[in-house]
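What the coordinates show
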Amino acid sequence: MATCVVVGSQWGDEGKGKITDLFAEQADVVARFQGGANAGHTVVVGEKKYKLHLVPSGILSPGKLAVIGNGVVVDPVQLNDELEYLKEAGIDVRGLRISNRAHAIMPYHRLLDRLEEESRGAGKIGTTGRGIGPAYVDKAARSGIRMGDLLDRDRLAQRLDVALASKNRVIERVYGYAPLTVEEVMLEIEESIQVLRQYITDTAGLLMDAIEAGKNVLFEGAQGTLLDVDFGTYPFVTSSNPTAGAATVGTGVGPRHIDKVVGVAKAYSTRVGEGPFPSELTNAVGETIRQRGNEYGTTTGRPRRCGWLDAVILRYSARVNGMDGLALNCIDVLDTLEDVKICVAYEYNGKRLETFPADLDELAKCRPIYETLPGWQTDLTKAKTLDDLPEAAKRYAHRIAELANCRLVSISVGPRRDQTIVLEPPFAEQ
Ligand code: GDP
Ligand code: IMO
Ligand code: MG
């Protein structure tokens, strides 16, 4: 038996989906533990490209259980659409299980996400508009509706009646918007519930059973460490904990059962949405990275902000997540550059700062201090082993791992499964 948690170590979109899909070949169960359809995980299998938002990437490996844990916020309509899309692509979705404790995203959460963002004006967060923040607010306020509640029509209507009484006050009086009725909400979600009900169950029990039976369980994180509501660049964060600790509370598996944590990083940095980004490049190099890496959001299509790799952030992520290993992705995106830079520290108020600050104003004033390494100017996309990489690329990858204080578990040279140099398997014998 072994378990492994895959987390994003930057601002999301590190390629967690690709790594999860690869590791899933050796797993029996793959579980998401937080976030919702704000996630966009692109997985390339053969010539086919899949875009997943809520369904764990393990669904693409036949015969696995794909669990949506209690820590996830589930939009039933969005999930039903995603299942349709997967079925049409010929994917067998019978392995899906949805926690009856997971909170449901309702149409009013999506509406409030949009209205709240609009009202923030220049201080907007740049959310994905998927209702994530408002749904987690309701969970914490104890006024949410859980996936288990969707199974009983009368109970659901009763819960919606109570919820809408207070939501409509805000929708109408604060935002001057038309109120929602129980009937219209029911109508919007009813069809999806009928499809999803067969998958809704107590997934915490199921996961513990799998662990006790000696199965391999993989936990798939969404978003990234710097979007964590506690450890990220607050308030420019998401409303959940994408860090490894959440794999336990987000699924019902105790911390004693977590064996390994792999942090995924791109060989450079990207960010979607607002907030400080010390190593951001607004020049031609940033544009080269955006074009070569196709850095446009999977969920919203927005151009991602691009910059050099930030080792201050990686070191911080490695500590916050307790990362054993680092999966380094997208190194091929840098193939054409003459030299490559790594931000190794910040300059703050004339002093060298080696640690990631908690204070956002302080971070906004940090200037990157770079180490420059020679580029390789070679096409890496066909490399199969470490020896296939030119010296300069190897040096770059190893320097990043050294700065992050982690073992390199893989180096990825393209989006496909076979474009990965695996240095350490996810489930080594314990
Ligand atoms: P996630 O949200 O962390 O799963 O990452 P995304 O799927 O949003 O973004 C990562 C993008 O990079 C996807 O389009 C992947 O197909 C792609 N990708 C992953 N690994 C590599 C790689 O090594 N090289 C290149 N060029 N693209 C990659
Ligand atoms: P994956 O799993 C990148 C960002 C949004 C916004 C902030 C808050 O694909 O890595 P939210 O809708 O969560 O309230 O938005 O978080 N964000 C992501 N950025 N990748 C993601 O997911 C993201 N999920 C949310 O752009 O800045
Ligand atoms: Mg993504």
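The structure displayed is predicted, hence computed values, not measured ones. (Residues numbered from 1 in each chain as written. Chains lettered and ligands numbered in written order. Predicted model: local features only at pLDDT ≥ 70, side-chain atom pairs only at ≥ 80, totals over all residues. Heavy atoms only, no water.)

1. Focus: the side chain of Glu117
Relative to the elements of secondary structure, Glu117 occurs in helix H3 (residues 107-120). Polar side-chain contacts of Glu117 include one of 2.6 Å to the side chain of Arg120. Polar contacts involving the side chain of Glu117 include one to the main-chain amide nitrogen of Gly126, which spans 2.7 Å. Excluding residues within four positions of it along the chain, Glu117 makes contact with Lys124, Ile125, Gly126 and Thr127. (Helix = DSSP H or I, 4+ residues; strand = E, 2+ residues; numbered from the N terminus. Polar contact = N/O pair within 3.5 Å; in protein donor to acceptor, adjacent residues only side chain to side chain. Contact = heavy atoms within 4.5 Å.)

2. Examining the pattern of salt bridges
Summed over all chains, the structure comprises 30 salt bridges. With its nearest N and O atoms 2.8 Å apart, the salt bridge here joins Asp92 to Arg94. A residue is classified by how much of its surface remains accessible, and Asp92, at 43% relative accessible area, is partly exposed. Residue Glu116 is joined to Arg120 by a salt bridge in which the shortest nitrogen-to-oxygen separation is 4.0 Å. Of the two residues, Glu116 and Arg120 are both situated in helix H3; the distance of 4 residues between them amounts to about one turn of the helix. (Salt bridge = Lys/Arg side-chain N within 4 Å of Asp/Glu carboxyl O. Buried < 20%, exposed > 50% of the residue type's maximum accessible area, 1.4 Å probe, protein only.)

3. As for the coordination of the magnesium ion (ligand 3)
Taken together, Asp13 (OD) and Gly40 (O) make up the full set of protein donors to the magnesium ion (ligand 3), lying 2.0 to 2.1 Å away. Separated by 27 residues along the polypeptide, Asp13 in the loop between strand E1 (2-8) and helix H1 (16-24) and Gly40 in the loop between strand E2 (29-32) and strand E3 (41-45) bring together distant segments of the chain. The buried category is assigned to Gly40, whose relative accessible area is 11%. (Donors = N, O, S within 2.8 Å, 3.2 Å for Na, K, Ca; no water.)

4. Considerations on the sheet that holds strand E10 (residues 216-220)
Within the open sheet, the 10 strands sit side by side as E9-E7-E5-E2-E10-E1-E11-E15-E19-E20. Their pairing is mixed. Two strands close off the open sheet at either side, each with one partner strand: strand E9 (200-201) and strand E20 (420-422). Where helix H7 (residues 203-212) meets the sheet, it contacts E1, E2, strand E5 (65-68), strand E7 (96-99), E9 and E10, and its direction lies at approximately 140° from that of E5. (Pairing = 2+ DSSP bridges. Axes fitted to C-alpha atoms, helices over the stretch in contact; angles between N-to-C directions.)

5. Observations regarding the side chain of His53
Looking at where His53 falls in the secondary structure, it is placed in the loop between strand E4 (48-52) and E5. Using a relative accessible area of 14% as the deciding quantity, one classes His53 as buried. If near-sequence neighbours (up to four positions away) are discounted, His53 is found in contact with Arg32, Gly36, Ala37, Ala39, Gly40, Glu82, Thr298 and Thr299.

6. Notes on the environment of Val340
Mapping Val340 onto the fold places it in strand E16 (residues 339-348). Val340 sits 56 residues away from Tyr396 along the chain, and the two C-alpha atoms are 8.2 Å apart. Aside from chain neighbours lying at most four places away, what touches Val340 is Trp308, Leu334, Glu371, Thr372, Leu373, Pro374, Gly375, Trp376 and Tyr396.

7. Describing the packing of helix H2 (residues 76-88) against helix H6 (residues 182-196)
Running from amino to carboxyl end, H2 crosses H6 at an angle of 55°, the nearest separation of the two axes being 8 Å. Compared by their axis directions, H2 and H6 come out oblique. H6 is crossed by H2, and the crossing has left-handed handedness. Residues Pro76, Val77, Leu79, Asn80, Leu83 and Lys87 of H2 lie in contact with H6, whose contacting residues are Glu188, Ile189, Ser192, Val195 and Leu196. Along the lines of polarity and charge, the residues of the contact of H2 with H6 split into 7 nonpolar, 2 polar and 2 charged. (Parallel < 35°, antiparallel > 145°, perpendicular 65-115°, else oblique. Left-handed = near helix turned anticlockwise from the far one by under 90°. Nonpolar A, V, L, I, M, F, W, Y, C, P; charged D, E, K, R; others polar.)

8. So, the environment of Pro242
Here Pro242 lies in the loop between E10 and helix H8 (246-249). In contact with Pro242, not counting residues within four places along its chain, are Val7, Phe33, Gln34, Ala222, Gln223, Gly224, Leu227 and Asp228.

9. A look at the site of ligand 1
With respect to spatial proximity, 19 residues lie near ligand 1, and among them Lys16, Gly40, Thr42, Asp332 and Ser412 are the closest. In this structure, an oxygen atom belonging to ligand 1 sits 2.5 Å away from a side-chain N or O atom of Ser412. Relative to its free-state accessible area of 590 Å², ligand 1 is covered by the protein chains to the extent of 93%. When residues of the shell around ligand 1 are traced back to their parent elements, those giving at least two are H1 and E3. (Near = heavy atom within 4 Å. Areas by Shrake-Rupley, 256 points an atom, 1.4 Å probe, with all protein chains shown as cover.)

10. With respect to the site of ligand 2
In the vicinity of ligand 2, 20 residues are found, and the nearest of them are Asp13, Lys16, His41, Thr128 and Thr238. Within the contact set of ligand 2, an oxygen atom lies 2.8 Å away from a backbone nitrogen or oxygen of Gln223. The protein chains hide 97% of the 550 Å² of surface that ligand 2 would expose on its own. Broken down by class, the residue content of the shell around ligand 2 amounts to 7 nonpolar, 10 polar and 3 charged.

11. Describing H3
For H3, spanning 14 residues, the distance from its first C-alpha to its last is 20 Å, which sits close to the expected 20 Å at 1.5 Å a residue. Taken together, the buried positions of H3 are Pro107, Tyr108, His109, Leu111, Leu112, Asp113, Leu115 and Glu117. Against strand E8 (103-104), helix H4 (132-141), helix H5 (153-174) and H6 lie the buried residues of H3. Once H3 ends, the next one or two residues include Gly121, with phi positive near 55°. (Expected span 1.5 Å × (residues − 1).)

12. Observations regarding helix H9 (residues 284-292)
Those residues of H9 that sit buried are Gly286, Ile289 and Arg290. What you see down the axis of H9 is that its buried residues fit within an arc of 100°, all on one side. Turning to H9, the residues buried within the fold contact strand E13 (305-307). Two to three positions downstream of the cap, the backbone nitrogen of Val285 sits 3.1 Å from a side-chain oxygen, assigning the N-cap of H9 to Asn283. Of the residues one or two after H9, Asn294 is the one with positive phi, at around 50°. (Arc of directions from axis to C-beta.)

13. Examining unusual backbone geometry
Backbone torsion omega between Tyr234 and Pro235 reads 5°, so that peptide bond is classified as cis. For Cys330, which is not glycine, the phi dihedral falls at a positive 60°. Topologically, Cys330 is positioned in the loop between strand E15 (325-329) and E16. Backbone geometry at Asn405 places phi at a positive 65°, although glycine is not the residue there. Examined against the element boundaries, Asn405 turns out to sit in the loop between helix H12 (391-404) and strand E19 (407-412). Residue Asn405 is classed as exposed on the basis of its relative accessible area, which comes to 67%.

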